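Chain by chain, the residues:
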Protein chains: 2
Amino acid sequence: MTQDPVVTNPDHYRVIFENDAVRVLSYSDMPGDKTTPHEHPNSVMYTLGPFRRRLISGDILREVELPGGVALWLDAQEHRGENIGDTPTNVVVVELKDGSVRGSVERALGPIAA
Amino acid sequence: MTQDPVVTNPDHYRVIFENDAVRVLSYSDMPGDKTTPHEHPNSVMYTLGPFRRRLISGDILREVELPGGVALWLDAQEHRGENIGDTPTNVVVVELKDGSVRGSVERALGPIAA
């Protein structure tokens with residue numbers, strides 16, 4: 001991974017578990033916080049609380065609003081994000097190391113609901 | 001899966017997301033609650049709160065006490081569990097569908113810390 005979020009944005013991303021199959025990150029921020037461009041492999045996201053975010057990849061922009069307690073799929077993608085809500089973001093990200101890319105990395109932006 | 005926990009213990013296990021790579025379950029119970037024997041594929045577990053549980057597989061027994069907010073690996077295994085603490089158990093389980101078995105299913109019981 002050339003733009004590992006743990007490296008690019010260490011104030012927000014933290015490794016909480018890793019083995020040969022997965023790496024698990026915690027992500028947290030406050031309203032107004034922004035991340036710099038980083039990459040995610042295929043991942044499962046679990047929201048620990050509600051949040052509202054703007055995700056940007058190149059010239060594509062997407063706003064996402066989610067409640068807490070939901071699990072979503074994140075196709076491998078490069079993006080940066082911005083907390084545009086009035087609550088902190090608290091998310092757990094389970095990165096899969098199988099190397100397969102399910103979607104189109106160029107097109108993917110943000111999570112996919114169940 | 002012959003003993004799918006969603007089938008064997010629907011009061012506790014619920015599917016909150018599924019695609020071709022993963023299935024995500026929520027597990028919740030109250031002190032004293034017990035599950036019947038069921039199987040887990042290789043999974044990542046994330047604890048939403050602290051709990052204390054007894055896990056039983058055949059004649060092997062293991063007690064597990066965990067804080068909230070930790071991620072652990074669960075090798076594919078068959079077990080049943082019992083909440084022996086004084087708090088509810090609330091856990092998210094990300095099941096991997098890659099089919100690989102990292103450990104020995106017969107020997108595995110309970111989660112593996114980071």
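Treat the numbers as computed from the prediction; the structure is a model and nothing was measured. (Residues numbered from 1 in each chain as written. Chains lettered and ligands numbered in written order. Predicted model: local features only at pLDDT ≥ 70, side-chain atom pairs only at ≥ 80, totals over all residues.)

Along chain A, the regular secondary structure elements total one helix and nine strands. Mapped in sequence order, the helices and strands of chain A form the string α-β-β-β-β-β-β-β-β-β. A burial count over chain A gives 35% of its 114 residues as buried. Restricting the contact set of chain A to residue pairs at least 6 apart, pairs at least 24 apart contribute 75%. (Helix = DSSP H or I, 4+ residues; strand = E, 2+ residues; numbered from the N terminus. Buried ≥ 20, exposed ≤ 12 C-beta atoms within 10 Å, placed from the backbone. Contact = placed C-beta atoms within 7 Å.)

Residue and element names in this part refer to chain A. Strand order in the open sheet made by the four strands is β3-β8-β5-β6, with antiparallel pairing throughout. Each of the sheet's edge strands pairs with one partner strand only, and the pair in question is β3 (38-40) and β6 (60-66). Across the sheet, the axes of successive neighbouring strands diverge by a mean angle of 40°, strand direction being ignored. (Pairing = 2+ DSSP bridges. Axes fitted to C-alpha atoms, helices over the stretch in contact; angles between N-to-C directions.)

Attention now moves to the interface of chain A and chain B. Of the residues lining the interface, 19 residues belong to chain A; the matching set on chain B comes to 19 residues. Breaking the side of chain A that touches chain B down by element, the ones donating at least two residues are β1 (13-18), β2 (22-29), β4 (43-47), β7 (71-74) and β9 (89-96) of chain A. Its residues assigned to classes, the side of chain A that touches chain B comprises 15 nonpolar, two polar and two charged. (Nonpolar A, V, L, I, M, F, W, Y, C, P; charged D, E, K, R; others polar.)

Time to look at the relation of the copies chain A and chain B. It takes a turn of 180° to lay chain A on chain B, together with a shift of 0.0 Å along the axis; the resulting RMSD is 0.0 Å. The transformation just described matches what one would write down for a two-fold rotation axis. A share of 100% of the interface residues of chain A reappears at the interface of chain B, consistent with the copies meeting face to face through the same patch. (Least-squares fit on C-alpha atoms with pLDDT ≥ 70 in both.)

Now for the confidence of the model for chain A. Residue and element names in this part refer to chain A. Of all residues in chain A, 85% have pLDDT values of 70 or greater, and the mean over the chain is 89. Below a pLDDT of 50 lies the segment residues 101-106, which in the model reaches nine contacts outside its immediate sequence neighbourhood of four places, other chains included. Interface predicted TM-score (ipTM) for the complex: 0.87; the corresponding pTM is 0.89. (pLDDT = per-residue confidence, 0-100.)

All names here are of chain B. Overall, antiparallel pairing links the four strands, which are arranged β3-β8-β5-β6 in an open sheet. Every other strand in the sheet has two partners, leaving β3 (38-40) and β6 (60-66) as the edge strands with one partner each. Averaged over all adjacent pairs, the angle separating strand axes in this sheet is 40°, with direction ignored. Direction of pairing for strand β5 (residues 51-57) relative to strand β8 (residues 77-83): antiparallel, over a ladder of four bridges. From the neighbouring strand, Arg-53 faces β8, where its bridge partner is Asn-83.

A word on the nonpolar core. Core analysis: the largest hydrophobic core is formed by 32 residues, its most contacted members being Val-44 of chain A together with Val-44 of chain B. Dropping the residues within four chain positions of it, Val-44 of chain A is found in contact with Ala-71, Trp-73 and Val-94 of chain A together with Val-22, Val-24 and Val-94 of chain B. (Core = buried A, V, L, I, M, F, W, Y, C linked by C-beta atoms within 7 Å.)

Bringing the pairing of β1 of chain A into the picture now. Residue and element names in this part refer to chain A. Pairing of β1 with β2, which is carried by five bridges, proceeds in the antiparallel orientation. Each residue of the ladder has a partner; that of Tyr-13, found in β2, is Tyr-27. Turn length for the β1-β2 hairpin, with the two strands adjacent in sequence and antiparallel, is three residues.

Moving on: the environment of Thr-87 of chain A. All names here are of chain A. By the secondary structure assignment, Thr-87 is in the loop between β8 (77-83) and β9. Between the alpha carbons of Thr-87 and Pro-50 there is a distance of 7.2 Å; along the sequence they are 37 residues apart. Apart from the residues lying within four places of it in its own chain, the contact partners of Thr-87 are Pro-31, Gly-49, Pro-50 and Phe-51.

As a further point, take the environment of Val-24 of chain A. Within the element layout of this structure, Val-24 of chain A appears in strand β2. Along the backbone, Val-24 of chain A and Tyr-13 of chain A are 11 residues apart, and their C-alpha atoms lie at a distance of 9.9 Å. In this view, Val-24 of chain A contacts Ile-16, Phe-17, Val-92 and Val-94 of chain A together with Val-44 and Ala-71 of chain B; residues no more than four positions away in its chain are not counted.

Regular strands have side chains that alternate between both faces of the sheet. All names here are of chain B. One ladder, built from seven bridges, connects β5 with β6; its direction is antiparallel. Looking at β6, one finds that Phe-51 is bridged to Leu-66. Here β5 folds back onto β6, and the loop between the two strands holds two residues, one of which, Gly-58, carries a positive phi near 60°.

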